[in-house]
Structures are given as structure tokens and as C-alpha cells.
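Residue-level structural notes
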Amino acid sequence: MMARIVVIAVVSTRLLLAGLAPGESNIGAYTWFRYTAEMETDELRESRFGLERGYLRWNHRFTDRIDSRVNVDIYSTDKYPAGAGLKLKYGYLNFKGLIRDAKLTIGLQKSYFGLIYDWKYPTIQKCLEDKEKVIASADYGISLNGNIPKGYGEYAIQVVNGEGYKKYKSLVNLAPALLVNLRVIPIPGITIGGSALFERSGPEYDRRLLHAGIARVVIGPLTIWAEYLGAELGPEGNTTRGSGFMVMPALRLRELTGIDIDLIARLDRWDEDVEEIGDASIRATGGFNWHLLRGKKGKIGVVLQVNWVRTIYEDPDQGPEDAVMAQLRWEFVTKPL
């Protein structure tokens, strides 16, 4: 019922505004259906099917310089009796051309930090900073982001609430967060960059500083991503420092065998408090992405993802955890309406 109401609302609004505003629109749908089996010390703990993501996305281009996006997410959850949830993920306007090769974005938008803003889910799991809840993938605010001339990289400067897209009004503190991001491509096939977020005060801390460094190397069909992540949180002079890293190689078999399968391996480590002993964990992931159907320009049409994940904890009293996940993703965007 909820999904039907959302669809009717989105389509009705689009039809109404299409008659009032110039330009063109398209609608996209992104659906992730997943099976998950979780084990703790060889004992089956969970076995379930679920709709992990049901994005409905509406893009509208008013002119060549002004466009917008609205995105809602319908998903399976045990937080509500109905067994499903609904949240607004994006809602912003882009203004292009104010600065050469740049755009001003206003509204609920991506967080331009580390790998979180362009993470395409090569593994089923979220990227490190999202998985460990260091930063939300979207937030309310304003950003200026653009490309460095001649293809040498990209940058972003962003002012946001800092609490993420799930928190609003009374859950947002008085101090906004400042975020900067820079990626440089010194030579084709190599990308290096870094991000930082600073927030002066909040309900649970006096200072919040996040920083990340990323690198990507492309060698033929092999791509290797690496990220370092650090976080400082707490009162001045007594902050809690967390740190971790992720390394992820991906091999595209299509370029070697003609079979459109990507082999993925990933290693994460996260220590929530480097001064404490026993709170760190290591997570290893292996799997593949079988592209059953490609969309335009190589984008995902239909893909089967299979991952095995093992998490090992520094705490000797906590046994290892294993998860096997199989996910079918299908995504499409309509032609301009």
C-alpha cells in the first residue's frame, strides 16, 4: 500500500509540474532483492529474504543549467510493524555555469567524503565509512563541486547539518559541518585524494573531525581501491580516535574471457577507539558480480551479486561471524518524458 501511494504521488507530481515547467523529466527505479544467511561460531543465526532497496528516482531538467532530483527509498525493515520503511534520500537542485566546470547543489544531497559519494556497491556491503556509521551517505546542505581542468580530478566544498539525512529539526545541533574533498588524477589510471569533515559542537561531543585518504589504480582489467579512514570525536583534549582501512581489488573477466563477471575481494579493518584494547574488527569479503544485462553506457541493468563475509573480532570472547549474501539488482531509467 505504501509503495502504491509513493508511486502515485511521484507520477502525479511529475505530470503536474511537467505542464508548468519547461524541460524534460525521467524516472528511474533501483531494486535490490537479497537473501542473507548469518552464522556466529558455526551456528545459524539468521536466514531471510528481503527487499533491501526500492529506489524511486525522479530527475527533471528545467534548462541546460538547472536540474533537480528527488529520490525516495522503500526497504525491508524490522523497525516498523508493517515490515517496510520509507525515507527521503535525495531532494536537490543543481545550478550549473556559475563557475566554469562546476555546479552549486542545494538541498538533500550526497556527502562528498571518501568513497561514500560515488560508491557503486561492487560488494553488497556499504563502503567502510558508511558501514561503520562514521558519516551518513547524504545530508541537508549546500555544496560547490566541480572538475579540475583537463581531466586532472575533481573537488567539492560542502556545508551540511552534519547529522545525516535521517535526522532533522530537534536532532540537529546548532553548528553546521564543513566538508572538503579533493581527488587528483596525475596520470591516466591513477587517482589519489582526500576528504575532511569538521564540526565544532554537538549534543554528544565538543569536536568532530573526520578524515579519509583514497587511492585507485587501474591496470588493464584490474582495479584496486584503497582507503584510510580516521575519526576524532569528543571534548577538547579528550577525544576518542577511531581508525581503519579498506583494500579492494576487482578483476573484470569480460576483458579476458568475454564472460561479464567481476571477481571481487575486500579487506576492512576498523578500530572504534585506538586507545582501547578489544574493540577492533577485521572483515574479509570475497565474491563475484555477474552482469546478466548491461544498461546504456555500461551501467547496471540486471546483475547477480554473491558475497561471503567473515568478521573476526579482537575481543577473544567474541567468536567469528560469517554471512553469505546473494543479491539480484535490476535498475532502469526511462527515456526523457
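One can find the structure itself at the top, above this paragraph.
Residues numbered from 1 in each chain as written. Predicted model: local features only at pLDDT ≥ 70, side-chain atom pairs only at ≥ 80, totals over all residues. Heavy atoms only, no water.

1. Topic: a positive patch on the surface
This is how it is decided: Like-charged residues are merged into a patch within 9 Å and nonpolar side chains (Val, Leu, Ile, Met, Phe, Trp, Tyr) within 5 Å, provided each residue has over 30% relative accessible area and no salt bridge. A 1.4 Å probe and the Shrake-Rupley method give the accessible areas. Residues count as covered only by the protein chains that appear here. When a carboxyl oxygen of Asp or Glu is within 4 Å of a side-chain nitrogen of Lys or Arg, the pair counts as a salt bridge. The convention is simple: Lys and Arg are positive, Asp and Glu are negative, and His and the chain ends are not counted. Just so you know, the charge point we use is NZ for Lys, CZ for Arg, CG for Asp and CD for Glu. What counts as a helix is a DSSP run of H or I of at least four residues, what counts as a strand is a run of E of at least two, and both are numbered from the N terminus.
There is a patch of like positive charges on the surface, built from K79, K126, K131, K133 and K166. Tracing the backbone shows K133 in the loop between helix 2 (128-131) and strand 6 (138-148).

2. Section: the pattern of salt bridges
Threshold: Summary of the burial criterion: residues with accessible area below 20% of their type's maximum are buried, those above 50% are exposed, and those between are partly exposed, where the area comes from a 1.4 Å probe applied to protein chains only.
Scanning the entire structure with this criterion turns up 21 salt bridges. Residue R48 is joined to E38 by a salt bridge in which the shortest nitrogen-to-oxygen separation is 3.7 Å. Placement of R48 in strand 2 (residues 43-61) and of E38 in strand 1 (residues 24-40) is noted, with a sequence separation of ten residues between them. According to the relative accessible area criterion, R48 is partly exposed, its value standing at 33%. A single salt-bridge network, built from bridges that share partners, covers E38, E40, R45, E46, R48 and E321.

3. Considering the environment of D101
Applied cut-off: In what follows, residue pairs with any heavy atoms lying within 4.5 Å of each other are defined as contacts.
Along the polypeptide, D101 turns up in the loop between strand 4 (84-96) and strand 5 (102-110). With 45 residues separating them along the chain, D101 and G146 place their C-alpha atoms 5.6 Å apart. Leaving out residues up to four positions away in the same chain, D101 has contacts with G146 and N147.

4. Side note on the packing of aromatic side chains
For clarity, the cut-off: Geometry of aromatic contacts follows a simple scheme: Phe, Tyr and Trp rings, the Trp one being its six-membered ring, pair when their centres are within 6.5 Å, and the pair is stacked under 30 degrees between planes, edge-to-face over 60, tilted otherwise. As a reminder, the over-ring test applies to NZ of lysine and CZ of arginine, requiring each to be within 6 Å of the ring centre and within 35 degrees of the ring normal.
Going through the model one piece at a time under the given rule, you end up with eight aromatic pairs. Taking the centre distance of 5.8 Å and the plane angle of 5 degrees together, the rings of F33 and F49 count as stacked. Pair noted here: F33 is in strand 1 and F49 is in strand 2, with a separation of 16 residues, a long-range link. The class of F49 is exposed, set by a relative accessible area of 62%. Ring geometry for Y90 and Y92: centres 6.2 Å apart, planes at 75 degrees, overall edge-to-face. Ring-pair connections join several aromatic residues into one group, and the members of that group are W32, W119 and Y121. One Lys or Arg, R57, reaches over the ring of Y30 and ends 4.8 Å from the middle of that ring. A cation over a ring is seen here: K87 above Y75, with NZ or CZ 4.7 Å from the ring centre.

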